[in-house]
Every structure is written in C-alpha cells, then in structure tokens.
Amino acid sequence: MLSSVFAAFRSPASEGVQQRPPRYAGEDTTATSRREILGWYSYGIAAEVFAVCGVGSFLPLTLEQLARERGVLQTSRESCAGASSGNSTQDAAGGQCVVPILGLEINTASFAMYTFSLAVLIQALTLISFSALADYENNRKTLLMVFGFAGSIASMLFVFIAPPVYILGAILVVVGVTCLGSSFVVLNSFLPVLVANDHSLQDSKANEGAELSSFDREENSDWNAWGDNDSLDDLDPLNAQAQGSPEDGAHKAPSSSSPELQLSTKISSKGVGLGYCAAVFVQIISIVMLITLSKTSLAKVSATLPMRFVLLLVGIWWAAFTFVSRHLLRARPGPPLDVSTSGGKWRAWMGLVGFAWKSLWQTVKVAVKLREVLLFLVAWFLISDALATVSGTAILFARTELHLSTPLVGLLSITATLSGMAGAFLWPHVSRYFGLQSNHTIILCIALFELIPLYGLLAYIPFVQRWGVIGLQQPWEIFPLAVVHGVVGGGLASYCRSFFGLLIPPGNEAAFYALYAATDKGSSFIGPAIVGVLVDATGQVRSGFFVIAILILMPIPLVWMVNADKGRNEGLAMAETLKSHGQEEEAEGLLRNETN
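Note that this is a predicted model, so its numbers are computed, not measured. (Residues numbered from 1 in each chain as written. Predicted model: local features only at pLDDT ≥ 70, side-chain atom pairs only at ≥ 80, totals over all residues. Heavy atoms only, no water.)

A. Structural view of the overall build of the protein. Along the backbone of the protein there are 24 helices and 6 strands. Of all 596 residues assigned to the protein, the portion counted as buried reaches 55%. (Helix = DSSP H or I, 4+ residues; strand = E, 2+ residues; numbered from the N terminus. Buried < 20%, exposed > 50% of the residue type's maximum accessible area, 1.4 Å probe, protein only.)

Here it is, written out as structure tokens:
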C-alpha cells in the first residue's frame, strides 16, 4: 500500500487527457487518475481518526476530567480532584461534582454532554450554510483544506488546555466537531466528480459492458481486499436484497447496477474501510501512549495530560494526511461565481449561503407532500439522535460510573468500531437469510439497540443491585454491549440510507440526501442535551438510560408504517411533477425552485 502512495507522489500532476468538452469555462475534465483517488482516500484516513479516537473516545473524557479538576462537591465544597469519589460524578457525603458555568453549577459529565450537543448544532448550521459554496470555482478543495487544517489544529491545541482554562477546551471541541462534519461533506462532493471523469465510464458510453475502471483493474491486493465484487452487495443492502431475497417482485428494490453507481460504491466502500483501519491503528498507538505516560510524572501534574498528548497525536495525524490530500487531489473547479454586481465575491458568497437555506426549505416543502418520505425522515431524526446519545453517554458512563481506565475506554472504542465494520457486512446476509423487507431489518436493528439501555436499567431493580453484577455494575459488562452497539449501528447506517434512496424522486437524489444529512445532524444535539439535564438533576449518568430507552423505541412504529412501494410510486409521480414545472435542476443537491 505504501508503495502505491509513493508511486502516486511521483506521478505527474498532468496525468490524463481531456475526455469531453467542458460544460463551463474552467471545468477540468482530465481523466481521474490513480493519484487523485489515493488523495481522496487520504483525507478519509486523516479525518476518521479524529472521529473515532477524538470524538468517540478521548475528547469527552478529557473535557469531563478538565472540568472535574476545577470542580467542587456541591454539598461539602471539597475539590473533586481530591475527593474520595475518584472519577464518579457524585460523592455519597459531598454531593455532585459541579463546575460554575454562566452563574449555574453544572455536573461535570453534563458539561461534556452540553458541549457536544452545542457542537453538533453548530455543525448542522455550518453544513447547511456552506453547502452551496463548494460547487463554485476552487472552493471545493479550498474548503476541504480549511476545515481539515482548522480541525487538526483544534485537536493539537488541546495539549495546552490546562484545568484553569477548561472553557477553552469546550470551544476547541466545537471547532473540531464542526470542521470534521463539514470536511466530510466537502469530501463526499468530490466523489461524483471523480466518478464522472473516470475514463472507463466515458469509454463505456461508446462500448457498453466495459469494466468499472482501469484504476480498479490495476489495483494491488492491498486495495482489492476492500473492493471485491461480493462486498459491493454487502455495502449496498437493498441491491443485494433485490438480487438474493425470496421476497416477491413487488417488494424488490430496483437493481442499482449502473457503472457510475458501482464505481462510486466501490471507491466509497474502500474509503470507509481504510478510514476505520487507520482509526483502529491510531487507537492502538494511543492506548500504548496512555499506558506509558501514566507511569511518568506527567500524570501527576494533571490526569488529563496523557489524554491531551493523545489528542496532539490525533491532530498531527489529521494534519499530515490532509497535507497528503492537498498534494494529490486536483482542484476540479466549479463554475465561476457571478461577481459582476456590487459587493463582488463576498456578496456572491453571502448570496449562496442565503440560497442554501432557501433551497433547503424548498426541498422540505416537496418532502412534506410525500407521506412515506416524511414518515421516514421523522424516524431517521429519532434514530440518529438515539445513536448520538448512546455514543456520548456510554463513554462518560464507562469513565464515571464503571471507573474504566482511559486505556480501557480506548479499547472499548476499538471494540465498537470493529463491530460496526462487521455489522455493515453482516446485516445484508441476515436480511437475505430470513427474507426480511428492508424496513423490517431496520426495526430488528432498533429492537436489538433497545437492549443497551434496558440492560443498564436493570441495576435499578433492588435484588439485581444486591448481586453487584448484571445491569452494567461491573466494568466488563460494557464490552459485550459495545459489540451490540457497533453491529446495530453499522446496520442502521447502511440500511437507513439505502432505504431512503428508494423513496425520493428520481433525479433529485442529492437534494433529498442533503435534507437527510441535515435531519441527521440537526437531531443529534437533542438527546445529549436532555441526558445532560437529567444527569444534572440526579448526579448519575445511569439515569440517562431512561431517556435513551424512550428515544430508541419512538421510531419503530414510524418505520413500520413506511410502505416502500407506495413511497416509490409517490417519488416517481413527484419527479414528473417537478420536471413538468421545470424544477428538476439541482445546485449542490438542493432544489432551486419552489414547487407549485
């Protein structure tokens, strides 16, 4: 694999030839090269490490511990750092460990939950506001680099965040999370451009039946491990189900066999796989670092210092591979901005931000006319919120209630990540074996997901509590639940996205997936905020399981009510309506015109 990267660096930047006439001035129609695909992979390898090792592991712990070292027990006013409660958010005699924020005393675990809730909300607003800018001039690559380097710097700066300035740590979390989500959206916008300029697809238009691409044919075994034909069906669950399910024809999904979609799925699946592999690799290094640093004098200075050095490593990794992407990816400029009016480019940019919000609203107005789409979007709103809430709560619960060491929390993250990779490949086989319709598979995943909070709530039963085991009373109990979380999360992510694709009007996929993404990010701040309030009221992270149990159950009836066949027919009819009104044109996946 490394030899491929080095070979890519030696490749000339001008590799390839113009394949088709440009659609606008300045369009780069040079054939997509191996070097460019490697550059696209490189950013996934860069940012996924921060997503797993930072957001999913050490950022919540670091933020909570920073606040703890400045916090006091609510009743005794004794410093939390010197109290007998250890990592717990509550001491039997001294009360909750709290910190003052804006005149309020907030539980240290709630402080971390509120911070991530705010970060996700700002991320959603940023995604919507800047989505249209990437389509023009060199903004796509520029925004990717700005978000990548800004996010990596935020992670690296954590090494300087001492307990007295723990509020600055919250600001860095908001910056890092916002840059992470925004950069992934920009990265995904490169994929259709890379696929459209693949020379094998251009050749296939003249000679149908051509193979996917010379890039895939030339790949060595390192890449092929992620790109065999069988894995395409696994990563496109509805396509696999349509080909191998015993369901009758009325329920089969249409086969997604176009060369463009196959190539896009193949590149995307490899990118996801390589990103997860990189995250697991860095997480292992992080655990070794934590164990080593905990034996030095650094841990005596502050309990957060070893974790802050891990975040420094994560930031350096993110920046290094972003730099690789900067050199390998072509700019692929979009159409020029109209700056002829007064105000120039800045006025044009602000116009695009306003256009993005207006266009999203137009997409919402179309979506509410499609019953099945609306039902599923509400269900996805609840599902994504539950997923985000479980992830954030589990890390803090493991640290504050189960008293897991930081290396064990890192191992917990590895367990969930590997299980998630397995789940993405497992569920299509389960669905085919039992002949499940897609919405039934989603419901099964949700039902299994419900086992996590229910198991944690068992500890409230008096006789179970007396046992001292079962109900997440022992540290080892959380690891099997991490496997359940990963397997179920991987299934929900792949099936929900594919199932939604069946319901939306053909020709407006990007517009509705933009709404899908906004629904995802727009909901994920609610659950953590509610759990934070409950933890403030009770002083126990375990109490958040009541909220999580309700959040997970709520989407089940909605998913059950969705009729895929009816939704598909509604989508086809709406596509014809939009076409007849001249509304099929999209800009960065958002509808331009209002539906009559």
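B. Just the packing of aromatic side chains, in detail. Considering all chains together, one arrives at 12 aromatic pairs under this definition. Here Tyr43 and Phe184 contribute two aromatic rings whose centre-to-centre distance is 6.5 Å and whose plane-to-plane angle is 75°, an arrangement assigned as edge-to-face. Note that Tyr43 is positioned in helix α2 (residues 34-70) and Phe184 in helix α5 (residues 166-196), a separation of 141 residues in sequence. Judged by its relative accessible area of 0%, Tyr43 is buried. Seen in terms of ring centroids, Phe463 and Trp467 are 5.3 Å apart; in terms of plane orientation they differ by 70°. Their pairing is edge-to-face. Highlighted residues: Phe463 and Trp467, both in helix α18 (residues 462-467), separated by 4 residues, approximately one helical turn. Note on Phe463: relative accessible area 42%, which makes it partly exposed. Clustering of aromatic rings is evident, with ring pairs tying together Phe281, Trp317 and Phe321. (Phe/Tyr/Trp six-rings, centres within 6.5 Å; stacked < 30°, edge-to-face > 60°.)

C. Inspection of unusual backbone geometry at higher detail. A positive phi angle, close to 75°, is found at Ile470, a residue other than glycine. Considering the arrangement of structural elements, one finds Ile470 in the loop between α18 and α19 (478-503). The partly exposed category is assigned to Ile470, whose relative accessible area is 31%. Although it is not a glycine, Leu472 sits at a positive phi angle of roughly 60°. Along the chain, the position of Leu472 falls in the loop between α18 and α19.

D. Local environment of the state of the cysteines. Applying the stated rule across the entire model yields 1 disulfide. The disulfide partner of Cys80 is Cys97, and the S-S distance across this bridge is 2.1 Å. Measuring handedness by torsion sign, the sulfur bridge of Cys80 and Cys97 sits at about 125° and is right-handed. Here Cys80 is found in the loop between β1 (72-73) and β2 (90-91), whereas its partner Cys97 is found in strand β3 (residues 95-101), with 17 residues between them in sequence. (Disulfide = S-S within 2.5 Å.)

E. Spotlight on the nonpolar core. By size, the foremost hydrophobic cluster in this structure holds 130 residues, and its most contacted members are Trp40, Phe376, Ile383, Ile442, Ile478 and Leu492. The element best represented in this core is α2, accounting for 18 residues. Once you skip the residues sitting within four places of it in the chain, Leu492 turns out to touch Ile383, Leu387, Ile442, Cys445, Ile446 and Arg497. (Core = buried A, V, L, I, M, F, W, Y, C linked by side-chain atoms within 4.5 Å. Contact = heavy atoms within 4.5 Å.)

F. Structural view of α19. In this model, α19 (26 residues) spans 37 Å end to end at C-alpha, consistent with the 38 Å of a helix rising 1.5 Å per residue. Where burial is concerned, most of α19 is hidden: 20 out of the 26 residues are buried. (Expected span 1.5 Å × (residues − 1).)

G. Just the packing of helix α15 (residues 371-400) against helix α17 (residues 438-457), in detail. Packing of α15 against α17 brings their axes to within 12 Å, and their N-to-C directions diverge by 30°. The angle between the axes of α15 and α17 places the two elements in the roughly parallel class. The chirality of how α15 crosses α17 is left-handed. Mapping the contact onto sequence places Phe376, Ile383, Ala386, Leu387 and Val390 in α15 and Ile442, Ile446 and Phe449 in α17. For the contact of α15 with α17, a count of residues per class yields 8 nonpolar, no polar and no charged. (Axes fitted to C-alpha atoms, helices over the stretch in contact; angles between N-to-C directions. Parallel < 35°, antiparallel > 145°, perpendicular 65-115°, else oblique. Left-handed = near helix turned anticlockwise from the far one by under 90°. Nonpolar A, V, L, I, M, F, W, Y, C, P; charged D, E, K, R; others polar.)

H. Up close: the side chain of Ser57. On the secondary structure map, Ser57 appears in helix α2. Here Gln283 takes part through its side chain, which lies 2.8 Å from a polar atom of the side chain of Ser57. Non-local contacts of Ser57, meaning those with residues more than four positions away in its chain, are made with Val52, Gln283, Ile395, Val409 and Ser413. (Polar contact = N/O pair within 3.5 Å; in protein donor to acceptor, adjacent residues only side chain to side chain.)

I. Summary view of the confidence of the model for the protein. Mean pLDDT for the protein: 76, with 74% of residues reaching 70 or above. Within the protein, helix α13 (residues 305-328) carries the highest mean pLDDT (94), whereas helix α8 (residues 221-227) carries the lowest (34). Across residues 1-14, confidence stays below pLDDT 50; counting only partners more than four residues off in sequence or on other chains, it has 19 contacts. Taken together, the stretch residues 583-596 has pLDDT below 50 and engages in 56 contacts with residues farther than four places along the chain or on a different chain. (pLDDT = per-residue confidence, 0-100.)

J. Layout of the packing of α2 against helix α16 (residues 406-434). Remark: α2 packs on α16, axes separated minimally by 10 Å, with the N-to-C direction vectors making an angle of 150°. If you check the angle between α2 and α16, you find them roughly antiparallel. The hand of the α2/α16 crossing is right-handed. Where α2 approaches α16, its residues Val52, Gly56, Ser57, Phe58 and Leu61 are matched on the opposing element by Thr406, Val409, Gly410, Ser413 and Thr417.

K. Quick look at the environment of Val547. Of note, Val547 is situated in helix α22 (residues 544-553). Overall, Val547 belongs to the buried group, its relative accessible area being 15%. For the pair Val547 and Ile530, spaced 17 residues apart in sequence, the C-alpha separation works out to 7.6 Å. Setting aside anything within four residues of it in sequence, one finds Val547 in contact with Ile530, Val531 and Leu534.

L. Representation of the environment of Ile285 in the model. In this fold, Ile285 is placed in helix α11 (residues 259-293). In sequence terms Ile285 and Val310 are 25 residues apart; their C-alpha atoms lie 8.9 Å from each other.

M. Representation of the side chain of Glu64 within the structure. Summarising the element assignment, Glu64 is placed in helix α2. With relative accessibility at 1%, the residue Glu64 sits in the buried group. For Glu64, the side chain forms a polar contact with the side chain of Arg68, separated by 2.5 Å.

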